[in-house]
Amino acid sequence: MKVMKFGGTSVGSVESILSLKRIVEGETEPVIVVVSALGGITDRLIATSEMALRGDEQWRTEFEAMKQRHHDMVNSVIDDEERRKNLLTTLDDMFEQLRSIYYGVFLIHDLSPKTQAAIVSYGERLSSHIVANLIKGGVRRNSRDFIKTVRKQGKHVLDAELTTKLVKEAFNSLECRVESLESATAAKAIPVVPGFISRDRDTGETTNLGRGGSDYTAAIIAAAIDADVLEIWTDVDGFMTADPRVIKTAYTINELSYVEAMELCNFGAKVVYPPTIYPVCVKNIPIKVKNTFNPSHPGTLIKQKIENDHRMIKGISSIKGTTLITVTGLSMVGVIGVNRRIFSTLAENGISVFMVSQASSENSTSIGVRDEDAQQAVEVLNVEFAKEIVTGAMFPMHAESGLATIAIVGENMKHTPGIAGKLFGTLGRSGISVIACAQGASETNISFVVDANYLRKALNVLHDSFFLSEYKVLNLFVCGVGTVGGNLLEQINSQYKKLKETRQLKLKVVGIASSKKAIFNRDGIDLRTYKEKLEQAPASNIHRLKEEIIGMNIFNSVFVDCTASADVAALYQDFLDHNISVVTANKIAASGPYAEYSSLKRTALKKGIKFLFETNVGAGLPIIGTIGDLLASGDKILRIEAVLSGTLNFIFNTISEDIPFSQTVRLAKEKGYSEPDPRIDLCGKDVIRKLVILAREAGYQVEQEDVEKHHFMPDSFFQGSIDDFWHALPTLDADFEARRKVLDSEGKRWRFVAKMEGGRTSVSLEAVDQRHPFYGLEGSNNIVLLTTERYREYPMLIQGYGAGAGVTAAGVFANIMSIANI
């Protein structure tokens, strides 16, 4: 025997109710069907009763709309004319009864609990008539005949013993199995039971099992008849690892234990009504959650014990609208009975507490309640402890709203060290503060409270961290779409599929900004069409860029700066303060005032995130990373010698008898080696910035002003307009050629060298001979010599391409990947 319960969405539309028909009629074993009201009808029944109570004539319109909806459903799904006519007559009789009740409420302006219970019962009573007439062999049974309640402490609760007896009698007397009848077309009888509703055993009045009571009805019947399985048919494929509306990568959990399912239900997973689990759990009857709209999906199976289950965490659930009430006072320490008074007072006033956190010092207890109960909870607790508050032994209740409660659930957390550490470490690195937490000795649930503004971020980062997601996700904001930024986006796009397959990594670009426009999409931007979208985007500015990125509050986020903008660099501190890692090819921040550089480094370290700028020096060469590794291993940088300008190296490698100095400068610009204004390279400013960065990374406190500068061109060339510069530049050709010939005769070459020794820094044009490592440096390459305590006699040499958009973008990409690999 199987019990199948279909929820409101499963009977709420023509498509879903016809799917129900196919599912039930496709069963080969005996079944009992339990149904909810048509989707949304229970809420409309309640809302219409409240209208009538207020004397609002609109109740009539709402009533007629509900009646018409049921008529439309019958006309759409019942083909047999006579059956349709009889069914509509039955429904109309019931609607007339309901109309009379509403009219009475409207006239006397009174709505007792008894009347309200009678009104809401019509939803299931109506839907069960429709389903029983729709499915082949459907026989409607009145659940009020065997689901009985008793009044206790002002509430109707299930009379379990009497109900079990009556359910057994009701369904043992009904022929549910296929018999070998003479007719080959003889069909099995299928009982159809309205869920939710019940009857008081003493008074006979209509009662109900509360919200979600249809699930409970099905579980009660399944337990009473010792069913093989209870199936809950709804509009989702089963229990999900998290809310799919928040976490796109959430997926269906194949199997759960009863305990895990109960924990997830209690913390907001609205797949199954929590009391449903208890009756079938006692009888060890499995529950299968299935999707009416996708019946071929295996769904989620809930049972006593899960075999071969190695996953620590099964699911993450959450409750919005949390208020945390803190009861605190010195009189609480060591005093027996304080907590009893707290919970008794709340229980007497019908206030449910779903989380408790108490300090070991006993001087405070924090309780989690829903926002709608918060004010009443504060009031009744202040009354309960009024004497202690007056004497100062306790403080008035403190309520903090705007919070959310999150729970991670999994039976395999038992006796597994490190779960809580990983949980709080993950939240901390994402800048999410835990306000209160609780874990029972069963170790199946760790619950904690956070600011509601961080709920989405917390759920995403936890889902990703505990490997519930199939892929690790890194969310990127790319600023600058010029040569470097454009190359980077192309590289990310070309590598996207490979990284998903080989690293289980999704690099999701959620924001792209140019100097004038920006686009944002937390679900990701299609990099194949970003140029068109950016072109069509509204104008943007630095303020909007900051507000959008911080306001998105997205997890595992990285800001990637491919500009040379001081305004963009000025945003880094705000981003790091909000736990957004920064990867930059922009040298301004790392070479700016030391105090600001140091603040960025400290913030990243404190927040457990990254501030990376490997491409600031040597493009894609591993210079900064190597210096960091040397220092981390206990070495000390004594001296740095380097050729750090690919532009200047190209110029001094190209200058010859046939190609004068002025022409080499033009060639450097045409080939894209130099800045649009080559004077930035020729004055050595770029090299000075790079040297300052290297010195700082080597452990020395250096400012740009500390660097000794030896220009190889007159200062007048760095003044005036760019046109003046190009006009005057050929006047230097003769002098450079004369000096070059002397150099050539001596077997030497020019190199613009940056030096640091013991914290003293300088840049100058030097002549090096054939024995020097810099002599054979070709094209626009860079080279760095690191003399350390370990590499004193034979310095470490790093050499390679030091300029070019492709290698710089690749270096930025490598920094991004280093964050992804954490």
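Residues numbered from 1 in each chain as written. Predicted model: local features only at pLDDT ≥ 70, side-chain atom pairs only at ≥ 80, totals over all residues. Heavy atoms only, no water.

(A) Here's a closer look at the nonpolar core. One finds Ile 408, Leu 462, Phe 559, Phe 661 and Phe 712 to be the most contacted residues of the largest nonpolar core, which totals 103 residues. Per-element tally for this core: the top contributor is helix H26 (residues 685–697), with seven residues. Apart from the residues lying within four places of it in its own chain, the contact partners of Ile 408 are Ile 313, Gly 315, Ile 316, Met 413, Ile 419, Leu 423, Thr 444, Asn 445, Ile 446, Leu 462 and Phe 466. (Core = buried A, V, L, I, M, F, W, Y, C linked by side-chain atoms within 4.5 Å. Buried < 20%, exposed > 50% of the residue type's maximum accessible area, 1.4 Å probe, protein only. Helix = DSSP H or I, 4+ residues; strand = E, 2+ residues; numbered from the N terminus. Contact = heavy atoms within 4.5 Å.)

(B) Expanded view of the sheet that holds strand E30 (residues 796–801). An order of E26-E28-E27-E25-E29-E30 is seen for the six strands of this open sheet, with the pairing classed as mixed. Single-partner strands in this sheet number two, and they are strand E26 (708–709) and E30. Where strand E25 (residues 637–643) and strand E29 (residues 781–788) come together, six bridges link them in antiparallel fashion. Paired with Ala 642 across the strands is Val 784, a residue of E29. (Pairing = 2+ DSSP bridges.)

(C) Looking closely at the packing of aromatic side chains. The tally for this structure, following the rule as stated, stands at 22 aromatic pairs. Aromatic side chains Tyr 594 and Tyr 597 sit 5.6 Å apart centroid to centroid with 50° between the ring planes, which places their arrangement in the tilted category. Of this pair, Tyr 594 and Tyr 597 both sit in helix H21 (residues 594–607), three residues apart, which is roughly one turn of the helix. Accessibility expressed as a relative area gives 4% for Tyr 597, which makes it buried. Summarising the aromatic geometry, the rings of Phe 736 and Trp 750 are spaced 5.7 Å apart at their centres and angled 80° between planes, so their arrangement reads as edge-to-face. One end of the pair, Phe 736, is in helix H28 (residues 733–745); the other, Trp 750, is in strand E27 (residues 748–757), and 14 residues separate them in sequence. A relative accessible area of 7% means that Trp 750 is categorised as buried. The structure contains a cluster of three or more aromatic residues connected by ring pairs, namely Trp 59, Phe 63, Phe 95, Tyr 102, Tyr 103 and Phe 106. (Phe/Tyr/Trp six-rings, centres within 6.5 Å; stacked < 30°, edge-to-face > 60°.)

(D) Quick peek at the layout of surface pockets. One number sums up the size of the second largest pocket: a volume of about 1200 Å³. Residue lining of the second largest pocket: 49 residues in total, with Val 484, Cys 562, Thr 563, Ala 564 and Glu 675 positioned closest to the centre. Elements represented by at least two residues in the lining of the second largest pocket include exactly helix H15 (483–503), helix H17 (542–552), helix H18 (566–569), helix H23 (646–654), helix H25 (679–682), H26 and helix H29 (805–820). Ranked by residues supplied to the lining of the second largest pocket, first place goes to H26 with four residues. When grouped by side-chain class, the residues that make up the lining of the second largest pocket number 19 nonpolar, 21 polar and nine charged. (1 Å grid on protein atoms, 1.4 Å probe; cavity = no way out; pocket = protein on both sides within 12 Å on 5 of 7 lines; lining within 4 Å. Points joined across faces, edges and corners; volume = space filled by probe spheres on them. Nonpolar A, V, L, I, M, F, W, Y, C, P; charged D, E, K, R; others polar.)

(E) Quick peek at the packing of helix H4 (residues 81–108) against helix H5 (residues 113–134). Relative orientation of the contacting elements H4 and H5 amounts to 175°, with a least axis distance of 11 Å. As judged from the angle between their axes, H4 and H5 are roughly antiparallel. For the pair H4 and H5, the contacting residues are Arg 83, Leu 87, Thr 90, Leu 91, Met 94, Phe 95, Gln 97, Leu 98, Ile 101, Tyr 102 and Val 105 in the first and Thr 115, Ile 119, Tyr 122, Arg 125, Leu 126, His 129, Ile 130 and Asn 133 in the second. Of the residues belonging to the contact of H4 with H5, the class tally is twelve nonpolar, five polar and two charged. (Axes fitted to C-alpha atoms, helices over the stretch in contact; angles between N-to-C directions. Parallel < 35°, antiparallel > 145°, perpendicular 65-115°, else oblique.)

(F) Structural context of empty space enclosed by the protein. Inspection of every chain in the model, using the stated rule, returns two cavities of 30 Å³ or more. What the largest cavity holds in volume is close to 40 Å³. In this structure, the largest cavity is lined by Leu 682, Cys 683, Gly 684, Ile 688, Lys 709, His 710, His 711, Phe 712, Phe 752 and Val 763. Residues belonging to the lining of the largest cavity are distributed by class as follows: six nonpolar, three polar and one charged. There is about 30 Å³ of room inside the second largest cavity. Lining the second largest cavity are Val 643, Ser 645, Leu 648, Asn 649, Phe 652, Trp 750, Arg 751 and Phe 752. Counting only elements with at least two residues in the lining of the second largest cavity, the list comes to H23 and E27. Across the lining of the second largest cavity, the residue classes tally to five nonpolar, two polar and one charged.

(G) Local environment of the packing of helix H3 (residues 58–77) against H4. Axis separation between H3 and H4 bottoms out at 11 Å; the angle between their running directions is 165°. Regarding the angle of H3 to H4, the classification is roughly antiparallel. In this structure, the crossing between H3 and H4 has a hand that is right-handed. Contact residues: H3 offers Trp 59, Arg 60, Phe 63, Glu 64, Met 66, Lys 67, His 70, His 71, Val 74 and Asn 75, while H4 offers Arg 84, Leu 87, Leu 88, Leu 91, Asp 92, Phe 95, Glu 96, Leu 98, Arg 99, Tyr 102, Tyr 103 and Phe 106. Grouping the amino acids of the contact of H3 with H4 by side-chain chemistry returns twelve nonpolar, three polar and seven charged. (Left-handed = near helix turned anticlockwise from the far one by under 90°.)

(H) Fine view of the sheet that holds strand E2 (residues 31–35). Pairing is mixed across the open sheet formed by eight strands, whose spatial order is E3-E6-E2-E1-E9-E11-E12-E10. At either end of the open sheet lies a strand with only one pairing partner, and these are strand E3 (138–140) and strand E10 (255–257). Ignoring which end each strand starts from, the neighbouring axes of this sheet average 25° apart. Where strand E1 (residues 2–6) and E2 come together, five bridges link them in parallel fashion. Considered in E2, the bridge of Phe 6 is made with Val 35.

(I) View of the environment of Ala 539. Within the secondary structure, Ala 539 sits in the loop between helix H16 (530–536) and H17. On a C-alpha basis, the gap between Ala 539 and Glu 124 in space is 55 Å, while along the polypeptide they are 415 residues apart. Filtering out sequence-adjacent residues up to four positions away, Ala 539 remains in contact with Lys 516, Lys 517 and Arg 544.

(J) Spotlight on the pairing of strand E28 (residues 760–769). Across two bridges, E26 lies against E28 in parallel orientation. Within the sheet, the bridge partner assigned to Glu 708 lies in E28 and is Ser 762. Relative to E28, E27 is paired through ten bridges, and the arrangement is antiparallel. Residue Lys 748 lies in a different strand from E28, and its bridge partner there is Asp 769. Hairpin connection from E27 to E28: two residues lie between these consecutive antiparallel strands, with Gly 758 at a positive phi of about 60°.

(K) A look at the environment of Glu 255. Secondary-structure assignment places Glu 255 in strand E10. Separated by 54 residues in sequence, Glu 255 and Asp 309 have C-alpha atoms that sit 9.0 Å apart. What Glu 255 contacts, discounting residues up to four positions off in sequence, is Leu 301, Lys 303, Ile 306 and Lys 314.

(L) Representation of unusual backbone geometry. Located in the positive-phi region is Phe 196, a residue other than glycine, with phi close to 80°. Positive phi outside glycine occurs at Asn 579, with the angle close to 60°. Within the element layout of this structure, Asn 579 appears in the loop between helix H19 (572–577) and strand E23 (581–584).

(M) Representation of the pattern of salt bridges within the structure. Counted according to the given criterion, the structure contains 36 salt bridges. Here Asp 686 makes a salt bridge to Lys 587, at a shortest N to O gap of 3.2 Å. In this pair, Asp 686 sits in helix H26 while Lys 587 sits in the loop between E23 and helix H20 (588–591), placing the two residues 99 residues apart along the sequence. When sorted by exposure, Asp 686 lands in the same class as Lys 587, which is buried. Here Arg 639 makes a salt bridge to Glu 641, at a shortest N to O gap of 3.2 Å. A single network of salt bridges, built from pairs that share partners, joins Lys 2, Glu 27, Glu 29 and Glu 231. (Salt bridge = Lys/Arg side-chain N within 4 Å of Asp/Glu carboxyl O.)

(N) Representation of the side chain of Asp 464. Topologically, Asp 464 is positioned in helix H14 (residues 455–465). Although Asp 464 is buried, it forms no salt bridge, and the closest oppositely charged side chain is Lys 472 at an N-O distance of 5.5 Å. Engagement of the side chain of Asp 464 in a polar contact is seen with the backbone nitrogen of Val 473, the distance being 3.3 Å. (Lys, Arg positive; Asp, Glu negative; His and termini not counted. Polar contact = N/O pair within 3.5 Å; in protein donor to acceptor, adjacent residues only side chain to side chain.)

(O) Structural context of H21. In this model, H21 (14 residues) spans 20 Å end to end at C-alpha, consistent with the 20 Å of a helix rising 1.5 Å per residue. Within H21, the full set of buried residues consists of Tyr 594, Tyr 597, Ser 598, Ser 599, Leu 600, Thr 603 and Ala 604. Those residues of H21 that are buried are in contact with H19, H20, strand E24 (611–612) and H26. The positive-phi residue at the C-terminal boundary of H21 is Gly 608, with phi of around 75°. (Expected span 1.5 Å × (residues − 1).)

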